[in-house]
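# Structural characterization, general
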Amino acid sequence: MASTSSKKAYIATRVRNYLAAFAAILVVNFAIPRVMPGDPTTRFVGPGFTEEARQELLREFGLTQPLWEQFFLYLTNTLTGDFGVSFARYPTPVMELIVQRLPRTLYLMGASVTISVVLGIPLGAIAAWKFGDRQDLVITQSSLLFRSIPTFWLAILLAFLFGYVVPLFPISGATSNATHPSFISYFMDLTYHTFLPVVTMSAYFLAGYTFLMRGSLLDILPENYIKIAESKGLSERQVLFGHAVAPAFPPVLTQLGFQIGRLAGGAVLVETVFSYPGMGQLMFESVLARDYPVIQATFFFLAVMVLGSMFLAEILYTVIDPRIGGSE
Amino acid sequence: MSNERATGSEPTSTAGDASRAGTRRFDRIRGFLHGFLTNRKGLAGTVLLGTIVFISVAAPLIAPYDPEAYGVGPALAPPSVSHLFGTDDLGRDVLSRFLYGGRISLLVGVTSGVVATIAATLIGVPAGYYRGRIGRWITTAIDMSLVFPPFVLVVVFAAYAGSSVWNIILILSLLSWPIPARTIKAKTLSVRENDFVESTEALGASDARIMRQEVLPNILPVVFANGILQMVYTILMEAAVGFLGLGDTARISWGTMLYFAQKQAALSSGGWWWMVLPGFGIALAAFSFILVGSALDEVLNPRLQRRTWGDD
Amino acid sequence: MSKQTHDRARTTEETLLSVRNLSTHYREGEDDVPVRAVDGVDLEIARGETYGLVGESGCGKSTLGLSLIRALPPQGEIIDGEIHLDGREIGQPARSAVKDVQWADISMIYQGAQNAFNPVKTVGEQIREPLRIHDVVPEGERAGHVEELLDKVNLQPDITDQYPHELSGGMKQRAAIAMAIACEPELLIADEPTTALDVIVQAEVLNMLQRLQEELNFGMLVISHNLAAIMKLSDRVGVMYGGELVETAPSEVLYDSPRHPYTARLLRSLIDPRRPPEQVETIEGTPPDLRDPPTGCRFADRCDLATEQCTAEAPSLEAMSERHEAACFHHDEVSEL
């Protein structure tokens, strides 16, 4: 089939772009500690060493070598998962911290995106369908409002209300018990702890997707195929969810991909407020402690997470929209 | 600029065109102002924003106390007649600090919003204008920039470079352009398809000239609405940087007020008044920008009815 | 103008559609002044007959079509009047109560076939859909039925698996026709069926509609601003102005002796060599404001024959001859225009 092969070609181009973006992340991550003002060597060797030991370590890290050799070393280390040793938690390898925390943040972000999309699509659809009516007004205005409330402030309020005044939910940690008899019990414990963080993050993004979906549907609803669907004898709900939502979704998905970067930023704030031991909190702690190896690694992984999510969103887009890679 | 499609081959009188274009532009501005101010969101947003700007500018005149002065009241005093919104842990008047605190939010939010929007326009327009390789390259560059999570980068930069107000503005400007650049590129693409752009092109105008004179005026509404909405994000980011204590803690801003409040566990130690007002200020500022931005969007890119009337 | 359709074999006097005093209004908000898009229209279409509805933009002709198939946008509402299809009242009941009529008995080809199909669903899926909704063809035979339909409009069966963007404009228009006749409706409404198509495709589509009508014997309501196309295709023509039907007659009668000045103007613009042949919208003056229509004749302020009587009272449709009605106090003077 011609369209399948052009779709493949399209995906191939996109994959190439994502590989390029991955390379860009590698380069930027290498450059940040080296182009920033101040003595770069302090960023690779922790405090509390004698000058001699420091020079020794610098040599060991290859920091006395020419830049291109440093880059080559950095590449090898990064790609083999060697991010050095944490200054603040000396001598824990950075990778160990990351492995512990990455899944937690993935879960937090994944749950928030899922909730935002699952609720945002129907809410936006209803708002568009009832354009100008009271339902639309309520949905639209409250999305605008939730889009304006600072995430961290909402986090503080929710933590205070549901963790302190009415202590329904835990407001720190990722789990209550260190060990769990089964994955299910671990999962339940984790979900319980992430409840408030997920609600906080979802509020902002839910508002965004509701608004995006509404806008996208408003572009679709005047189309003839919607009028035809109505004329065919379908109920309003069948027209809306069976005919209008699917073609309105791809543009929303595109925006979703763009905004995943903001989601990572939200994770830093929300994890910090809820003392949720994920990547965001790790990054913030290491920023305060000037734990440069950890900063570098968390940045790298957060960027790669964003990249991966954008890629997933794009693959999904390609799958659900037959126009992509079409005959044009 | 509403360029009609050239129907004849002979050049039309430029002077006449210019004056007609002038009247048309004037009519359009009047129509726009009317539409914007009769739009409920636009009006509410303008009033709200006006109020915030007013209190920030007039803070020295209306603040009851010196915002920096310690012990103008007892520490952590609840709201009272003398301290309408109570005091913080050092006995400073919360209301006075709140009134001053909006200055940084507005300065950082607006400045970096403007810079980012200009950058987004400079990058987005050529990305949509040039077909072929150049356009593809710029688009790829924009897409790549989207990969870097802006707030995360802000935090990283703050760790390395310190956090003066100008640093924050610089960083926020550098990081917030990619999403609006995408939107502007898409709009440029659609304007580019118009006949008048093609006909100007056929007349041999240079690319830069076409972009400036034909494309830019047509995408300006989008740029404008986008810029305002961008400020919502930069205001929220500035507040978040302050809240994490990575901002300039020597200056009063709503974000840093919340940082100190949170540090002293204001809520659980019963000092809710210290926490509520600054958060409210940030939300209100962001909300007023969102209202103005979406009203602009509605007026400048009318979608009118959700479904057009059946007729013709 | 040569006509070959008015004596088409199966055109009978049996009434298929009967519209009485139909009024459809649009209203933006609760306290908004309604737009009287259709205001007291009477209309009859016989089985197998083609009725052409013509008028300039905003005269309410499309709204009339949408009222018949009950697909008005939410701002629109049938305020008054009756619509009988095959003796069944379908105008007053709630839309949900007449869903079984939609597409099964009345279907519609909408203006602009380019987006008649949902871009994320295959063409076949969308043609098949009404068969499923109304269960007119057993499930196992639907695919075969769709192929037959496509064959009727000269399309290859393999397009069923294709997406709309893979079809050319002319193919989409034909597929839209196939979709419209899927349930073998009694009445087919065609709103500007040829607008935005090139001349060759236009002729092809019109011929196809005539051929299908002969085969399936449906009544057809063709809505257009293109008077030339309408007269060629229709047995009878109705002229709408400002939400009202101002004249109706068999097409050759209308062509030879219009009795309403607006019709006369339309015809004149049709043969005026200085105008593009298909435009009728270029008549001087503006149509009436349908939020607040004049009390007298709505055409009065654009009319050369208007007198005081015309602005004071509204003329109603009167019989001119057999099957010819016009709403004008000065219908006798129209021929002298």
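What counts, and where the lines are drawn
- Residues numbered from 1 in each chain as written.
- Chains lettered and ligands numbered in written order.
- Predicted model: local features only at pLDDT ≥ 70, side-chain atom pairs only at ≥ 80, totals over all residues.
- Heavy atoms only, no water.
- Phe/Tyr/Trp six-rings, centres within 6.5 Å; stacked < 30°, edge-to-face > 60°.
- Helix = DSSP H or I, 4+ residues; strand = E, 2+ residues; numbered from the N terminus.
- Buried < 20%, exposed > 50% of the residue type's maximum accessible area, 1.4 Å probe, protein only.
- Polar contact = N/O pair within 3.5 Å; in protein donor to acceptor, adjacent residues only side chain to side chain.
- Contact = heavy atoms within 4.5 Å.
- Expected span 1.5 Å × (residues − 1).
- pLDDT = per-residue confidence, 0-100.
- Pairing = 2+ DSSP bridges.
- Buried area = accessible area lost by both parts, 1.4 Å probe.
- Salt bridge = Lys/Arg side-chain N within 4 Å of Asp/Glu carboxyl O.
- Domains from an automatic or database assignment.
- 1 Å grid on protein atoms, 1.4 Å probe; cavity = no way out; pocket = protein on both sides within 12 Å on 5 of 7 lines; lining within 4 Å.
- Points joined across faces, edges and corners; volume = space filled by probe spheres on them.
- Nonpolar A, V, L, I, M, F, W, Y, C, P; charged D, E, K, R; others polar.
- Core = buried A, V, L, I, M, F, W, Y, C linked by side-chain atoms within 4.5 Å.
- Axes fitted to C-alpha atoms, helices over the stretch in contact; angles between N-to-C directions.
- Parallel < 35°, antiparallel > 145°, perpendicular 65-115°, else oblique.
- Left-handed = near helix turned anticlockwise from the far one by under 90°.
- Lys, Arg positive; Asp, Glu negative; His and termini not counted.

### A look at the packing of aromatic side chains
Residue and element names in this part refer to chain A. Taken as a whole and assessed by the stated rule, the structure comprises 24 aromatic pairs over all chains. With centroids separated by 5.3 Å and ring planes inclined at 55°, the aromatic side chains of Phe-83 and Phe-301 adopt a geometry described as tilted. Here Phe-301 lies in helix H11 (residues 292-320) and Phe-83 lies in the loop between helix H3 (67-79) and helix H4 (94-129), a separation of 218 residues in the sequence. Here Phe-83 matches Phe-301 in class, with each residue buried.

### Details of the side chain of Arg-236 of chain C
All names here are of chain C. In this structure, Arg-236 sits in strand E9 (residues 236-241). For Arg-236, the side chain forms a polar contact with the main-chain oxygen of Glu-44, separated by 2.4 Å. In terms of polar contacts, Arg-236 uses its side chain to reach the side chain of Glu-49, at 2.7 Å. Not counting chain neighbours up to four residues away, the residues in contact with Arg-236 comprise Glu-44, Ile-45, Glu-49, Thr-50, Tyr-51, Gly-52, Thr-248, Ala-249, Pro-250, Ser-251 and Arg-323.

### Focus on helix H6 (residues 151-165) of chain A
The end-to-end C-alpha distance of H6 of chain A is 20 Å, a good match for the 21 Å that 15 residues give at a rise of 1.5 Å each. Within H6 of chain A, burial applies to Thr-151, Phe-152, Trp-153, Leu-154, Ala-155, Ile-156, Leu-158, Ala-159, Phe-160 and Gly-163 of chain A. Tucked into the core, H6 of chain A has its buried residues touching helix H7 (183-220) and helix H9 (236-273) of chain A together with helix H10 (207-243), helix H11 (254-263) and helix H12 (272-300) of chain B.

### Details of the confidence of the model for chain C
When pLDDT drops low, the exact placement of atoms in the prediction is not to be read closely. Residues and elements named next belong to chain C. Confidence along chain C averages 87 in pLDDT terms, with 91% of residues attaining 70 or more. Here residues 1-10 is modelled with pLDDT under 50, and outside its nearest four sequence neighbours on either side it reaches 27 contacts, counting other chains as well. Reported confidence for the predicted complex is 0.87 by ipTM and 0.84 by pTM.

### Considerations on the pairing of strand E4 (residues 76-85) of chain C
Consecutive residues of a regular strand have side chains that alternate between opposite faces of the sheet. Residues and elements named next belong to chain C. Bridge analysis of strand E1 (residues 15-26) against E4 gives eight bridges, and the strand direction is antiparallel. Across the sheet, Tyr-26 pairs through a bridge with Gly-76, a residue of E4. Relative to strand E5 (residues 88-89), E4 runs antiparallel, the two being bridged by two bridges. Bridge assignment links His-84 to a residue of E5, and that residue is Glu-89. Between the end of E4 and the start of E5, which pair antiparallel, lie two residues, with Asp-86 showing a positive phi angle near 55°.

### Comments concerning the interface of chain A and chain B
Counting residues at the interface gives 61 residues for chain A and 51 residues for chain B. Between chain A and chain B the total buried area reaches about 5000 Å² when both faces are included, carbon and sulfur atoms providing 76% of it. Linking chain A with chain B are one salt bridge. The tally of links between chain A and chain B comes to two residue pairs in polar contact (both at pLDDT 80 or more). For the side of chain A that touches chain B, the element with the most residues is H9 of chain A, which contributes ten residues.

### Thoughts on the domain arrangement of chain C
All names here are of chain C. What the domain assignment reports for chain C is domain 1 (15-241) and domain 2 (258-336). Summarising the inter-unit geometry, the C-alpha centres of domain 1 and domain 2 are found 27 Å apart. Each partner contributes to the interface: domain 1 provides 22 residues, whereas domain 2 provides 18 residues. Buried surface at the junction of domain 1 and domain 2, summed over both partners, amounts to about 1900 Å²; 58% is from carbon and sulfur atoms.

### Observations regarding empty space enclosed by the protein
In total, this model carries nine cavities of 30 Å³ or more according to the counting rule given. When its volume is computed, the largest cavity comes out at roughly 210 Å³. Broken down by secondary-structure element, the contributors of at least two residues to the lining of the largest cavity are H6, H7 and H9 of chain A together with H10 of chain B. A class-by-class count of the residues in the lining of the largest cavity yields twelve nonpolar, three polar and one charged. Within this model, the second largest cavity holds a volume of roughly 100 Å³. For the second largest cavity, the lining is made up of 13 residues, of which Leu-146, Pro-150, Leu-175, Pro-178 and Ile-179 of chain B are closest to its centre.

### Considering the nonpolar core
Grouped together as the largest cluster of nonpolar side chains are 163 residues, with contacts concentrated most on Phe-152 and Leu-217 of chain A together with Phe-151 and Leu-244 of chain B. Among the elements that line this core, the one with the most residues is H9 of chain A, at 18 residues. Residues Tyr-110, Ile-127, Ala-180 and Leu-254 of chain C belong to the second largest nonpolar core, which totals 99 residues.

### A word on the pairing of E1 of chain C
Residues and elements named next belong to chain C. Counting buried positions along E1 gives nine out of twelve residues, so the element sits mostly inside the fold. For E1 and strand E2 (residues 35-46), the ladder comprises nine bridges, and the chain directions are antiparallel. Looking at the pairing, Thr-24 lines up with Val-38 of E2.

### Overview of the sheet that holds strand E6 (residues 106-109) of chain C
All names here are of chain C. An order of E6-E7-E8-E3-E9-E10-E12-E11 is seen for the eight strands of this open sheet, with the pairing classed as mixed. With one partner strand each, in any of the chains shown, E6 and strand E11 (318-321) form the two edges of the open sheet. Between one strand axis and the next, the sheet turns through 25° on average, direction left out of account. Here E6 pairs with strand E7 (residues 187-191) via four bridges, running parallel. When the sheet's bridge partners are listed, Met-108 is paired in E7 with Ile-189. The sheet strands contacting helix H1 (residues 61-69) are strand E3 (50-54), E6, E7, strand E8 (219-224) and E9, and the helix crosses E6 at an angle near 145°.

### Some details on the packing of helix H4 (residues 94-129) of chain B against helix H5 (residues 133-145) of chain B
The relative placement of two packed helices comes down to the angle between their axes together with the axis-to-axis distance. Residue and element names in this part refer to chain B. Closest axis-to-axis distance for the H4/H5 pair is 7 Å, and the angle between their directions is 135°. The angle between the axes of H4 and H5 places the two elements in the oblique class. When the axes of H4 and H5 are compared, the crossing they make is left-handed. Touching Ile-123, Pro-126 and Ala-127 of H4 are Gly-135, Ile-138, Thr-139 and Ile-142, all from H5. Of the residues that constitute the contact of H4 with H5, the class distribution is five nonpolar, two polar and no charged.

### Here we look at the side chain of Asp-189 of chain A
Residues and elements named next belong to chain A. Relative to the elements of secondary structure, Asp-189 occurs in helix H7. Arg-104 provides the closest opposite charge to the buried, unpaired Asp-189, separated from it by 9.9 Å. Looking at Asp-189, its side chain comes within polar contact range of the side chain of His-180, at 3.1 Å. Not counting residues within four places of it along the chain, the set of residues in contact with Asp-189 comprises Ala-174, Thr-175, Ser-176, Asn-177 and His-180.

### Quick word on the sheet that holds E2 of chain C
In any sheet, the strands associate via hydrogen bonds between backbone groups, in a parallel or an antiparallel arrangement. Residues and elements named next belong to chain C. The four strands are arranged E2-E1-E4-E5 in an open sheet whose pairing can be described as antiparallel. Two strands bound the open sheet, and with one partner strand each, they are E2 and E5. Seen against the sheet, H1 touches E1, E2 and E4 and runs at an angle of roughly 115° to E1.

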